[in-house]
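Here's the letter readout for the chains.
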Amino acid sequence: MLNSRHTGPLALLTLVVGAITVAQAFVIDWLPEQAGEEAARIDWLLWFMFWVSAVFFVLVTVVLLYCVWAFRAKPGDETDGPPIHGNTRLEVVWTLIPAFLLAVVVVLAIVVLEDNEATAADRVKVEVIGEQFVWRMQYPEIGVESGDLRIPVDRQVELTMRASDVIHSFWVPAMRVKQDVVPGITTDLVFTPDKVGTYEVVCAEVCGVGHGVMRTRAIVMEPDAYAEWLAAAQAKVRADADQAPTAPAGDGGGDAEPAEEG
Amino acid sequence: MSSHAPAHAAHGHDAHSPSVPLSYWWKRVGWMTPAFFAAGLVIVWFVRAVFGMDPLWNAEVYYTVATLLAGFGFLTGIGCFDWWLKYAMGRKVDFHDHSFHGATSWKAYFRVNTDHKVIGTQYVVLTFIFFIFGGLFAEAIRAELAEPGQQFVNGEQYNGLFSTHAVIMIFLFVIPMFAGLANYVLPIMIGAKDMAFPRLNALSFWMLVPGGVMILASPFVGYFSAGWTQYAPLAIQGGTGVTLFQIGVQFAGFSSIFTAINFLVTIATMRAPGMTVWRMPLLVWANATTSALVVFGTPFVAASQFMNLFDRVMGTNFFDATQGGDVIAYQHIFWFYSHPAVYIMMIPGFGIISEVLATFSRKPVFGYRALAMATVAIAVLGFGVWAHHMFTSGMADWLRVPMMITTVIIAVPTGIKVFSWLGTIWRGKLHLKTPMLYALGFLFTFTIGGLSGVFLGTVPITIATTDTYFIVAHIHYVFVGGSAFTIFAGIYYWFPKMTGRMYNERLGAWQFWLFFIGFNATMYPMHWLGLQGMPRRVADYDERFAEVNLVISVASILMVISTLLFIYNMVNSWIRGPKAPWNPWRGRSLEWLVSSPPSIFNFETDPLVVGGPYQYGIEGARHAVVYAPTEVGGELTEAEKRTILVVAHETLASQQLVDAIRRKAAEEHYWRFTIAVPAADRDKRAAERRLQTVLAVLAEDGIDASGQVYDLGPVEAATKAASEETIQGAIVATYSKDSSRWLKQDVVDRMRKSLRSDLTQIVVTPGEVVEAFDAKGVQHVVVIGRDGLSSQGLMAELERRADQGPLRVTVLAAAGIEGPAWTDEANALREDVGERAGETLGLLLLAGIPAEGEVIDRDAPAAARVAAESYSPDLILVASARGESAIENAVEAVRENAGIVEVEHFIVDAEAPAAPMGS
């Protein structure tokens, strides 16, 4: 396919298109803040796939542009091109190489998936309820309910999620994790925040009029602060229960918390 | 407006439906649609009242039944079911009824039409109108998203906007548009005259109208707002808009299924001789594959929407978790179709791209078989990947990895396609016409869409990016960069064929660049939005996405301008563009070897396929032998006439046979005829006379014919004639079963076996009129006489004249009745003369001279007046027996009455035995 006549211009074009492709990858800040171990692995996979894809993209674009430039018919040229019907060796090559690279991608993806979903023994368990159009976080062991998700840093969190009306989807962009919350079944989501901060929790599955505002915060705290908040919240629940023994535990309990945010 | 040349004017089907004006159908639509709607309301009311259901009014139930029936009311009104109903009720129908076929004016496009070309045009125009609506919805979305916060619409309306946008684009634009383009070109590409089921084809198109109207009307009665995916249980919360969508999408879905069945049967059974599967153009491969996907897949989406509808309207609990239903089940059923639907929306486009790239690169498609097999592989694998839409849905965890593997495997055949297309343009002679620009643009954008598809095939990245603008970018790179680009390529590519006009190339190029830049500027930044964390399907968003969203909204306007340019170019070119030649792109496949637009049945004769469809650059190679004329403006040089063998003896000089030949010649005006007259043990001179007469008549009609008298039996003569030249068909004329010697000897069946070609039998009734021979080349002699008729002398004289040149005879027997015409005497005389005249006619026919006759009550001069007035003969021959004074004395009077017609007097020799005739 290649001979000396084509090699030079093709190399030049590859440089130009390749440079543009690489430049836009570096110049543009593609990924948002990364705040979890899973996010790091996913971002790594994403960039790996980007570079593999970039090779194919540059290849296709370069050949395309070169063909348009080099093989454009002169005005009035009514002749045909050479009757090349195929090239078995080439066809085998462009079947096997992508197949091999895809196999690599699949293996890496499986590894990342397994790593991301492996559970740790000391994980924090939170129950999440999605309903039109709010999130409710429940800490079952201590009977606390909160509108925000408060979790300690560097410890795995397991969310056990249910929906009371329609499908929602629990998404923390900074953690790169997302899981639908489905009526009738319980779904799980595990992730390990590794950076203290406040992150957005977004409903990602269209759920009705208020879908766009079904947002809350994931507040990742230092372990000490988390323990402090937990204790305060627990105390408040107890106090509320004393005042009004009939009221359901934890109703709106988390909103008035005084704990500092990371 | 396009029109198809009525090359089929003369053909003799009897039970054609009477032609009715356009307003008839639309008046029917006008009353039947509301009548059916009302009937639906009444039925529900009646049932609910009878069963005492409470409340009596339940809007969704009423609307479900009433809109469904209204759809059928429309289809009944426009006439989709007329033929079938007539047939079902046992009324007389013509199976070859072509009265709804073809277009000679714009009106034919606004009624049920069974011509695949008209239907194709109807599809393309209607679905493009839907595209405009879909685009308006898209622009409404972009207007709302131009800045953060809510400006024009509330959350509910916004959800309705994107849902309706997607449904219109998918179900009313991309899928039916591909069906429409293929409807037009696919039958021609395989050398067929039409689709296998033309009436079903018409129904498929017209079903889109009620389906489309319902979907377009749904925003006015409360949006369906759960997205085009209509996930339960959110969809179940919706109102009447959801009902309209769910009924409307059934019409669109069944339209699609019927078309797919039609394509499959057409491709399987109607390919021209020589069109093996490995000679089919890739567009045909693509549509065969797509049709299989539709037939297997679309029933699933129909089912999912019915179940959803039943949950909403009938209180079933398929997907209601609180009642034991399964929410995830909906998604499995839905995506089991809707993933293959992605390929339904893509594979026909692959076919178009293969055609366009080969034609404008002047090179064979690189790796034709690999491309065809890759198409099939994509379709087969496409059924095993649906759950990659559900990686975060909460379905069984173990399903994710297998579905990830099958999903990325699809990248392999897809890659093969892209590389093969690059191989096609490599070292070609690229002509950058508009279709080619779109094809090349497609290669670029589709590569991006394909690669982001691999990203999304892997589970971890899907978990991060699903339901974000990354997905929005991906599907638009696939459906706009893929499907819409190929649709534009296809419309430009076949526009000259469909309309007979050329579009404006300059405007086309402008339109492409505007669209290409506008599209990429709109969709590429969405990848960033998605990765950064902007969810899809929200009206409001974070401040930090404001600038990019504004850029996107502005860029999308480029596509609007581009679409307006496209509409202008198409409409203007259709009306006053320069006339298109047959083959403006010098393409090789069959649609370029017929006129632009093609005649009503596409081909004058069946084409013969002799090679692959992409043999560019090979000296002398050709795809098909098509018998097309050079004189009608085609630059084709493959014109060649095909021969029909005509076998007849006594029946040769008959009205029926000459009419049959004329009809055949009118249908397929490149036939030539060779006439074999078997005359073993028969009067060869008579055979020769008949042949000369018929040839003279046909020559006058401009029909190319020649013939020969064989001293052989019928089968042997036919076989010999067939061995002398290749024949494509045969016509045999015989008498009816009772009086035919040939039929008693089984000649027709033996001939059919021996000739191995299409054989038509014509049955001739003896003694019929011979107006067929009213031709300048045939001398018309009127013989007037009484006693002189049926004499050997007269016969010899007429035969002598017939040997000099073709001749036809009208015998006017002058009975010479004087006095009242009702007496017994007069009757006897009349009968006597009539017998004599009949005998003469019999002798003449045996001698190979076409003849008819009449008895004239009065004398010879009166007969001469009749002859001059009614028969316009070339010559009047007065025949008298020697001494027959009544005639002889009247010759002068005859001359007087004959006017300008020459009159000769022939006296039958006395020695010749004249039949005794008392006077």
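All chains use their own residue numbering, which begins from 1 and follows the written sequence. Lettering for chains starts from A, numbering for ligands starts from 1, and both go in the order in which the items are written. Only residues with pLDDT of 70 or above have their local features reported here, since the model is predicted, and side-chain atom pairs are shown and tallied only from 80 upward, although totals for entire chains, interfaces and linings are computed over all residues.

Chemist: Please clarify how the overall build of chain A should be interpreted in this entry.
Modeler: Only DSSP runs of H or I reaching four residues or more are called helices, and only runs of E reaching two or more are called strands; each is numbered from the N terminus. Along the backbone of chain A there are 4 helices and 10 strands. In this description the radius of gyration comes from C-alpha coordinates, and the expected globular size is given by 2.2 Å times residues to the power 0.38. Against the globule reference of 18 Å for 262 residues, chain A gives a C-alpha radius of gyration of 27 Å, more extended than a compact globule. Expressed as lengths along the three principal axes of its C-alpha atoms, the size of chain A is roughly 95 × 35 × 30 Å. Think of it as a crowd count around each C-beta: if 20 or more other C-beta atoms lie within 10 Å the residue is buried, if 12 or fewer it is exposed, and in between it is partly exposed, with C-beta placed from the backbone throughout. Each of the 262 residues in chain A was classed as buried or not, and the buried ones make up 37%. Working definition of a contact: two residues with C-beta atoms, positioned from the backbone, lying within 7 Å. Restricting to contacts in chain A with at least 6 residues of sequence separation, those with at least 24 account for 72%.

Chemist: Just checking my understanding: could you explain the overall build of chain B for this structure?
Modeler: Regarding its fold elements, chain B presents 27 helices and 12 strands. Within chain B, residue pairs in contact and separated by at least 24 positions form 82% of the contacts whose partners lie at least 6 positions apart.

Chemist: I keep staring at helix H6 (residues 198-217) of chain B and nothing clicks. Help me out?
Modeler: Expected span of a helix: the number of residues minus one, times 1.5 Å. Over its 20 residues, H6(B) extends 29 Å from the first C-alpha to the last, a length consistent with the 28 Å expected when each residue adds 1.5 Å. Across the 20 residues of H6(B), 15 count as buried, placing the element largely inside the fold.

Chemist: Whenever I open this one, the domain arrangement of chain B confuses me. Can you help?
Modeler: Interfaces are often sized by the amount of accessible area the parts lose when they come together. On domain assignment, one finds that chain B holds domain 1 (349-578), domain 2 (582-635), domain 3 (642-771) and domain 4 (778-908). For the purposes of this description, domain bounds are those given by an automatic or database domain assignment. Measuring from the centre of the C-alpha atoms in domain 2 of chain B to the corresponding centre in domain 4 of chain B gives 56 Å.

Chemist: How should I be thinking about the domain arrangement of chain A in this particular structure?
Modeler: Residues and elements named next belong to chain A. Partitioning chain A into domains gives domain 1 (4-71 + 86-117) and domain 2 (124-256). Averaged C-alpha coordinates put domain 1 and domain 2 at centres separated by 39 Å. Counting from both sides, the interface comprises 10 residues of domain 1 and, opposite them, 14 residues of domain 2. Considering every element that reaches the side of domain 1 that touches domain 2, the biggest residue donor is helix H2 (residues 37-70), with 4 residues. Nonpolar residues are Ala, Val, Leu, Ile, Met, Phe, Trp, Tyr, Cys and Pro. Charged residues are Asp, Glu, Lys and Arg, and all others, Gly as well, are polar. Each residue belonging to the side of domain 1 that touches domain 2 can be placed in one class, and the counts come to 4 nonpolar, 2 polar and 4 charged.

Chemist: Quick question: what am I supposed to make of the interface of chain B and chain A here?
Modeler: Opposite the 72 residues of chain B that make contact, chain A presents 67 residues. Mapped onto the side of chain B that touches chain A, the elements with two or more residues apiece are helix H5 (155-189), helix H9 (327-344), helix H11 (368-382), helix H12 (400-425), helix H13 (434-457), helix H14 (459-465) and helix H16 (505-532) of chain B. Of all the elements, H12(B) adds the most residues to the side of chain B that touches chain A, at 12 residues. Here the side of chain B that touches chain A is built from residues that sort into 44 nonpolar, 19 polar and 9 charged.

Chemist: Help me understand the sheet that holds strand E9 (residues 807-814) of chain B, please; the structure alone is not making it clear to me.
Modeler: The strands making up a sheet associate through backbone hydrogen bonding, with each pair oriented either parallel or antiparallel. Residues and elements named next belong to chain B. The pairing criterion for strands is at least two bridges between them, as found by DSSP. The strand order E10-E9-E8-E11-E12 describes an open sheet built from 5 strands, whose pairing is parallel. Taken across any chain shown, the strands that pair with only one partner, and hence form the sheet edges, are strand E10 (851-856) and strand E12 (902-908). Geometrically, the sheet is characterised by an average inter-axis angle of 20° between neighbouring strands, direction not taken into account. As paired strands, strand E8 (residues 779-785) and strand E11 (residues 875-881) are joined by 5 bridges and run parallel to one another. Pairing of Ile784 across the sheet is with Val878, part of E11. Most of the contacts of helix H25 (residues 860-871) go to E8, to which it runs at about 160°, and overall it touches E8, E9, E10 and E11. To obtain each axis, a line is fitted to C-alpha atoms, and for helices this fit is confined to the stretch in contact; angles are then taken between N-to-C directions over 0 to 180 degrees.

Chemist: What is the right way to read H9(B) from this model?
Modeler: In an α-helix there are 3.6 residues to a turn, and that puts residues three or four apart on one side. Residue and element names in this part refer to chain B. With 18 residues, H9 extends 26 Å between its outermost C-alpha atoms, agreeing within 8% with the 26 Å of an ideal straight helix rising 1.5 Å per residue. Bend is the name given here to the angle between axes fitted to two runs of seven residues, the run ending at a residue and the run starting at it. Roughly 35° is the biggest bend found in H9, and it falls at Trp335. Of all 18 residues in H9, 16 are buried; the element is thus mostly enclosed.

Chemist: What is the right way to look at unusual backbone geometry in this model?
Modeler: Generally, phi is negative for residues other than glycine and the peptide bonds are trans, each holding for most cases. Between Gln132(A) and the following residue, Phe133(A), the backbone shows a cis peptide bond with an omega angle of 5°. Here Phe133(A) shows up in the loop between strand E1 (124-131) and strand E2 (134-139). In the segment running from Ala232(B) into Pro233(B), the intervening peptide bond is cis, with an omega of 0°. Within the secondary structure, Pro233(B) sits in the loop between H6 and helix H7 (240-269). Phi at Gln230(B) takes a positive value of approximately 50°, unusual for a residue other than glycine. With respect to the secondary-structure elements, Gln230(B) resides in the loop between H6 and H7. The phi dihedral of Arg586(B) falls on the positive side, at around 55°, and the residue is not glycine. For Arg586(B), the position within the fold is in the loop between helix H17 (546-576) and strand E1 (608-609).

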